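So the chains spell out like this:
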Amino acid sequence: IVISILTFSSVSYVFAKKAEHAPELTVYDDWHIIPECSVLGHKGCTDRCNGFYVEPEYEKNVPPNPPTIIESDEGTFVSEGKSVFIGNVSSTEGNKKIFSDKAHVIRNKSGELEYIHAEGHVKILEPGLRIDGTKAEVFVPEEKKVVQNPSYRIYDSHGRGEGKIMTVFGKTKMKVPEGSYTTCAPQTNSWSLKAKRTNFDKETGRGEAWHAKLYVHKVPVFYWPYVNFPIDSRRQTGFLQPSYSHSSSFGFSVVTPYYFNLAPNADYTLTPYFTEERGLRLFNDVRYMSDRSEGSFKFDFL
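The shown structure was predicted, so the numbers you read here are calculated from the model rather than taken from an experiment.

Cut-offs and rules
Residues numbered from 1 in each chain as written. Predicted model: local features only at pLDDT ≥ 70, side-chain atom pairs only at ≥ 80, totals over all residues. Heavy atoms only, no water. Helix = DSSP H or I, 4+ residues; strand = E, 2+ residues; numbered from the N terminus. Contact = heavy atoms within 4.5 Å. Areas by Shrake-Rupley, 256 points an atom, 1.4 Å probe, with all protein chains shown as cover. Buried < 20%, exposed > 50% of the residue type's maximum accessible area, 1.4 Å probe, protein only. Salt bridge = Lys/Arg side-chain N within 4 Å of Asp/Glu carboxyl O. Pairing = 2+ DSSP bridges. Phe/Tyr/Trp six-rings, centres within 6.5 Å; stacked < 30°, edge-to-face > 60°. pLDDT = per-residue confidence, 0-100. Polar contact = N/O pair within 3.5 Å; in protein donor to acceptor, adjacent residues only side chain to side chain.

Caption draft 1: Layout of the overall build of the protein. The number of helices and strands found in the protein is zero helices and 25 strands. Considering only intrachain contacts with a sequence separation of at least 6, the fraction spanning at least 24 residues in the protein is 39%. When the accessible surface of the protein is summed, it comes to about 17,000 Å², and 54% of that surface belongs to carbon and sulfur atoms.

Shown next as structure tokens:
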């Protein structure tokens, strides 16, 4: 039930008795399970683990500089300085949404929004990205968000991760010091990448990690001083998703494929395959396409 709407400059504040409830921290309510994938080896389930993320639907035609609308159970509003909103707080600016238990909002002397401090069951939603955390600071003029104890999802790459702090710059760049990254299903870290520093760039579709360790469950199996990897489906040179296995013949095995985008119509995949009992094996796959033909050349070395 909306009581009143106050509009100043390009910012609208809405006081409501009932607003959308903030979620529990790190709840994977956007994960959809595929029942068929509980059967080992079911066709089509390898790449998506046992399910996939369902991203919220967003408006396609958002006007430039949309107003910021804030809803809460109760609040104290001032046109200049700090306003306080308490209880099921939601802040919406076009396709960008922030949910929390409590929020402080600061406006400057011109009535323009400068800063938002949200705390308690924070959830940030925007196209291609979701972040859950305990606190968040939004520096509006700089288009910068700083989230404490983040648990994030990058929908384009089917990826997720955690960290102590995460910084989002505009619509494309993100930084996570002392964080993790994986494309496995929630609560199932078959593999994960943990690094001292990880950067994501949605514009280039790449991620970068420094002093990174590849973990299989909780066991570190590989170390990179620096590694560059894809975070969307664009064809770019870099590491592909690693995998692991165990058998009586080979023992523990780790596969870390590396993809080379040679040309628009040609590529090459080098796959180091380390086995505990047989050592290192290198798989090679070169592919090409033309107007009249296509083919591949495969070879491996053990």
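Next comes the rest of the account.
Caption draft 2: Quick look at the side chain of Asn-199. Looking at where Asn-199 falls in the secondary structure, it is placed in strand β16 (residues 191-201). The residues touching Asn-199, leaving out its near neighbours within four places in the chain, are Met-174, Lys-175, Arg-206, Gly-207, Glu-208 and Trp-210.

Caption draft 3: Representation of unusual backbone geometry within the structure. For His-211, which is not glycine, the phi dihedral falls at a positive 50 degrees. Summarising the element assignment, His-211 is placed in strand β17 (residues 206-216). Classification of His-211 as partly exposed rests on a relative accessible area of 45%. Unlike most non-glycine residues, His-217 shows phi in positive territory, near 55 degrees.

Caption draft 4: Inspection of the pattern of salt bridges at higher detail. With the rule as written, the count across this model stands at ten salt bridges. Between Asp-201 and Lys-173 there is a salt bridge, and its shortest N-O distance comes to 2.7 Å. In this pair, Asp-201 is assigned in strand β16 and Lys-173 in strand β15 (residues 173-181), connecting sequence segments 28 residues apart. Given the relative accessible area of 13%, Asp-201 is considered buried. Since its relative accessible area comes to 39%, Lys-173 is described here as partly exposed. Here Glu-178 ties to Lys-196 by a salt bridge, and the two come within 3.7 Å at their closest N and O atoms.

Caption draft 5: Local environment of the pairing of β15. With three bridges connecting them, strand β14 (residues 165-169) and β15 associate as antiparallel partners. Residue pairing across strands places Phe-169 opposite Lys-173, the latter belonging to β15. In this antiparallel pair of consecutive strands, β14 and β15, the connection spans three residues, and Gly-170 shows a positive phi of 60 degrees.

Caption draft 6: Representation of the packing of aromatic side chains. Within this structure, the stated rule accounts for 13 aromatic pairs. Pairing Trp-31 with Tyr-53 gives two aromatic rings, centres 4.8 Å apart and planes at 70 degrees, and the pair type is edge-to-face. Of this pair, Trp-31 sits in strand β3 (residues 31-33) while Tyr-53 sits in strand β4 (residues 51-53), placing them 22 residues apart in sequence. The interplanar angle of 80 degrees and the centroid separation of 6.3 Å between the aromatic rings of Phe-200 and Phe-229 together place this pair among those described as edge-to-face. Remark: Phe-229 occurs in strand β18 (residues 219-230) and Phe-200 occurs in strand β16; sequence separation between them is 29 residues. Joined through ring pairs, the aromatic side chains of Tyr-152, Tyr-181, Phe-200 and Phe-229 make up one cluster.

Caption draft 7: Local environment of the confidence of the model for the protein. Summing up the model confidence of the protein, the mean pLDDT is 84 and the portion of residues at 70 or higher is 87%. Mean pLDDT across the elements of the protein bottoms out in strand β1 (residues 2-8) (36) and peaks in strand β11 (residues 144-148) (96). Taken as a whole, residues 1-24 scores under 50 in pLDDT and shows 76 contacts with residues more than four places along the chain or in a different chain.

Caption draft 8: Local environment of the pairing of strand β7 (residues 81-93). Looking at chain direction, strand β5 (residues 68-71) and β7 are connected through four bridges and run antiparallel. From the neighbouring strand, Ile-70 faces β7, where its bridge partner is Ser-91. Relative to β7, strand β6 (residues 74-76) runs antiparallel, the two being bridged by three bridges. When the bridges of β7 are listed, Gly-75 appears paired with Phe-85. Across eleven bridges, β7 lies against strand β8 (residues 96-107) in antiparallel orientation. Opposite Glu-93, over in β8, you have Lys-96 as the bridge partner. Linking two consecutive strands that pair antiparallel, namely β7 and β8, is a turn of two residues; a positive phi of about 65 degrees is found at Gly-94 within it.

Caption draft 9: Representation of the environment of Lys-145 within the structure. Following the sequence through the fold, Lys-145 ends up in strand β11. Each C-alpha atom, one on Lys-145 and one on Met-166, is 8.1 Å from the other, the two residues being 21 residues apart in sequence. Excluding residues within four positions of it along the chain, Lys-145 makes contact with Lys-96, Ile-124, Glu-126, Glu-137, Val-138, Met-166, Thr-167 and Val-168. Among the polar contacts listed, one links the side chain of Lys-145 to the side chain of Glu-126, at a separation of 3.3 Å.

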